[in-house]
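A look at the structure
Residue-level listing of the chains:
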Amino acid sequence: MAAVQGQTGVTGAHHAPPATVSKVKPADVPGAGSGTVAIAQKMKPTIFQQLVLSGSACAISTFFTNPIDMMKCRLQLQMASGDAREYKGMLRGFVTVIRNEGVTTLWRGYNAAILRAYTYSATRLGMYEPVRNQIISSTGSNGFLTKLMAGVASGTIAACAGCPFELIKVRMQGKSYSYSNPISAVADIVRTDGVFGLWRGLVPYVVRGALLTGTQLGVYDQSKTVVKEYLHLEDGVVAQVSAGMMSGLVTTTVTQPVDMIKTRMMNYKDLYQGPLDCLRKIVRSEGLKGLYKGWVPNYARLGPHTLLTLTVYEQLRSFVGWKNL
C-alpha cells in the first residue's frame, strides 16, 4: 500500500510544472544572441549612456575628417565677399594651406569640433533610437518614414543644442577670425553680439540638422535592413559599412545647399539679412551650382565620417552588450 502511495506521489510530481527550473532561449529575447551577450543585451541603455557612446564615436571620426571639413569650409567661404579665388579645388587647396599656413592648420577648429561632437552629434545620434522606438510604439510602423521622422526630430533637437559650437568651429576654420580657442571665441561673440549671437545661423543649421540626420540615419537604418535581407548578411561590419556608404552619398547631396547657406551666414554676419537673402545672393552671383560649391570635399568628409561614426557606434554598442540599431 505504501509502495502504491509512493508511486502515486511520483506520478503526480511528474505531471506538475517545475517550480524553479526555467530555460530562456536567446531567441525569446529580442535582439539577443547567445551566452553572456544575450544576458547583457537584455539591459536597456539609458539616454545618457547613448549620448556618451554616440559622442565618443563622433569624436573618434572627427579626428580623421577634420582636415577635409576645414578645406570644405574654406571652399564654401571664398568669393562670398568678392575676394579672389584662392583655392582651386580640394587637393590644390590642401597644398596651398600647407604651404602658406602649415600642416597643423588642417586641424584648426578641432577643439571646437570635439565640443560639437559631444553636443550636436551626440544628441542627434543618441536620441535617434529612443525617438524611433517611441514612434514605433505609437504607430506600430517600422518603415522608412518612421526612421526618417525619428532622424528629423533628433536632428532638430541636436542643432538647437550644438549651434554655438558649430558657429565657433566655422569661424576658427575660416580666415576672417583669429580665435585662439573656443573660450576666447565665446567671449568675443558674447561681447560683440550678445548671448544670442552664439546661435547665429540657427535656422539653416536646424534645417540642415533635420535633413542630415533624417537622411543619414533613416537611409542607413533602411539600407542595412535591405542589405541584410537581400544579401543574406548578418548585422556585422560588412552590412554596416555598406549602409554607411549609401547613407553618406545621399546625405551629402540632400544637405549641401543648406550647408552652404549655413556656413556663409555663420562666417559673414553682416553680409546676409537671413537664409533667404543668403540663398538669393549666392544664386545671383554664383548660379545654382554655387549652392553645391564644396560638394566634393563635403562628401569626402561626410562620406567617411558617416561610415566611421555609424560603424564605430555600432561596434561600441556590441562591445558594451547593447543590440545594434
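Let me begin by describing the structure that accompanies this report. No experiment lies behind these values; they were computed from the predicted model shown.

Points about the overall build of the protein chain
For the protein chain, the count of helices and strands is 12 helices and 0 strands. Tracing the protein chain from N to C terminus, the helices and strands come up as α-α-α-α-α-α-α-α-α-α-α-α. Counting all 325 residues of the protein chain, 47% fall into the buried class. Here the analysis covers contacts within the protein chain between residues at least 6 apart in sequence; of these, 75% occur between residues at least 24 apart.

Observations concerning the packing of helix H7 (residues 144-173) against helix H10 (residues 237-267)
How two helices sit against one another is set out by the angle between their axes and by the gap between those axes. Relative orientation of the contacting elements H7 and H10 amounts to 75°, with a least axis distance of 9 Å. Classified by the interaxial angle, the pair formed by H7 and H10 is roughly perpendicular. Mapping the contact onto sequence places Cys163, Glu166, Leu167, Val170 and Arg171 in H7 and Lys262, Thr263, Met266 and Asn267 in H10.

Side note on a nonpolar patch on the surface
On the surface, Ile60, Phe63, Phe64, Ile98, Val103, Trp107 and Leu308 cluster together into a nonpolar patch covering about 620 Å² of accessible area. Among the elements that line the nonpolar patch, the one with the most residues is helix H3 (residues 47-77), at 3 residues. Mapped onto the elements, Val103 comes out in the loop between helix H4 (90-101) and helix H5 (110-126).

A closer look at the packing of aromatic side chains
Tallying each qualifying case throughout the model produces 6 aromatic pairs. Both rings, one in Phe63 and one in Trp107, keep their centres 6.0 Å apart while their planes meet at 35°; by these two values the pair is tilted. With a gap of 44 residues between them, Phe63 in helix H3 and Trp107 in the loop between H4 and H5 connect regions that are remote in the sequence. With a relative accessible area of 32%, Trp107 lands in the partly exposed category. A centroid spacing of 5.4 Å and a plane angle of 15° characterise the contact between Trp295 and Tyr299, whose relative ring orientation is stacked. Of the two residues, Trp295 and Tyr299 both sit in helix H12 (residues 295-320), 4 residues apart, roughly one turn of that helix. What makes Trp295 partly exposed here is its relative accessible area of 25%.

Regarding helix H6 (residues 128-139)
Side chains of residues three or four places apart in an α-helix project in the same direction, reflecting 3.6 residues per turn. For H6, which comprises 12 residues, the first-to-last C-alpha distance of 16 Å matches the rise-based estimate of 16 Å (1.5 Å per residue) to within 8%. All of the buried residues along H6 are Tyr128, Glu129, Val131, Arg132 and Ile135. The arc that holds every buried residue of H6, seen down its axis, measures 165°, which confines them to one face. Among the exposed residues of H6, those pointing more than 90 degrees away from its buried face are Gln134, Ser137 and Ser138. In this structure, the buried residues of H6 make contact with H3, H5, H7, helix H9 (202-230) and H12.

Some words on unusual backbone geometry
Look at His232: it is not a glycine, yet its phi comes out positive at around 55°. Mapped onto the fold, His232 is located in the loop between H9 and H10.

Re the packing of H3 against H4
At a minimum axis distance of 10 Å, the contact between H3 and H4 shows a crossing angle of 100°. Relative to H4, the element H3 is oriented roughly perpendicular. Contacts between H3 and H4 involve Pro67, Ile68, Met70, Met71, Arg74 and Leu75 on the former and, on the latter, Met90, Gly93, Phe94, Val97 and Glu101. When its residues are assigned to classes, the contact of H3 with H4 shows 8 nonpolar, 1 polar and 2 charged.

Points about the pattern of salt bridges
Per the stated rule, a full pass over the model turns up 23 salt bridges. Three or more residues joined by partner-sharing salt bridges are found here, namely Asp69, Lys72, Arg116, Glu166, Lys169, Arg208, Asp259, Lys262 and Arg301.

Observations concerning the side chain of Ser61
For Ser61, the location among the structural elements is in helix H3. Once you skip the residues sitting within four places of it in the chain, Ser61 turns out to touch His305, Leu308 and Thr309.

Focus: the side chain of Arg74
Position of Arg74 relative to the elements: it lies in helix H3. At a separation of 2.7 Å, a polar atom in the side chain of Arg74 contacts the main-chain carbonyl oxygen of Gln173. With residues near it in sequence (within four places) discarded, Arg74 still touches Tyr87, Val97, Glu101, Thr105, Arg108, Gln173, Gly174 and Lys175.

Quick notes on the rules
Starting afresh in each chain, residues are numbered from 1 along the sequence in its written order. Residue-level local features of this predicted model are given only where pLDDT is at least 70; pairs of side-chain atoms are given and counted only at 80 or more, and the full residue set underlies all totals for whole chains, interfaces and linings. The basis for the side-chain values is all heavy atoms of the structure; hydrogens and waters are excluded. Secondary structure elements follow DSSP: runs of H or I of four or more residues count as helices, runs of E of two or more count as strands, with numbering from the N terminus. Partly exposed residues are those whose accessible area sits between 20% and 50% of the maximum for their type, while under 20% is buried and over 50% is exposed, using a 1.4 Å probe and protein chains only. Residues count as neighbours in contact if any of their non-hydrogen atoms are within 4.5 Å of one another. Here the axes come from fitting lines to C-alpha atoms, over the contacting stretch only for helices, and the angles between their N-to-C directions go from 0 to 180 degrees. Here the word oblique covers every angle except those under 35 degrees (roughly parallel), over 145 (roughly antiparallel) and from 65 to 115 (roughly perpendicular). Patch membership requires more than 30% relative accessible area and the absence of a salt bridge. Residues of like charge join within 9 Å; the nonpolar side chains Val, Leu, Ile, Met, Phe, Trp and Tyr join within 5 Å. Residue-level accessible areas treat just the shown protein chains as cover; the underlying method is Shrake-Rupley with a 1.4 Å probe. For this document, the term salt bridge refers to a Lys or Arg side-chain nitrogen within 4 Å of an Asp or Glu carboxyl oxygen. Pairing of aromatic side chains here covers Phe, Tyr and the six-membered ring of Trp, requires ring centres within 6.5 Å, and sorts the geometry by plane angle: under 30 degrees stacked, over 60 edge-to-face, intermediate tilted. Here the expected length of a helix is defined as 1.5 Å per residue gap, with one fewer gap than residues. To be clear, the arc concerns the directions from the helix axis to the C-beta atoms. Only Asp, Glu, Lys and Arg are considered charged, only Ala, Val, Leu, Ile, Met, Phe, Trp, Tyr, Cys and Pro nonpolar, and every remaining residue, Gly among them, polar. Throughout this description, a polar contact denotes any pair of N or O atoms lying within 3.5 Å of each other; where both atoms belong to protein, one of them has to be capable of donating a hydrogen while the other can accept it, and for residues adjacent in sequence the pair is counted only when both atoms sit in side chains.

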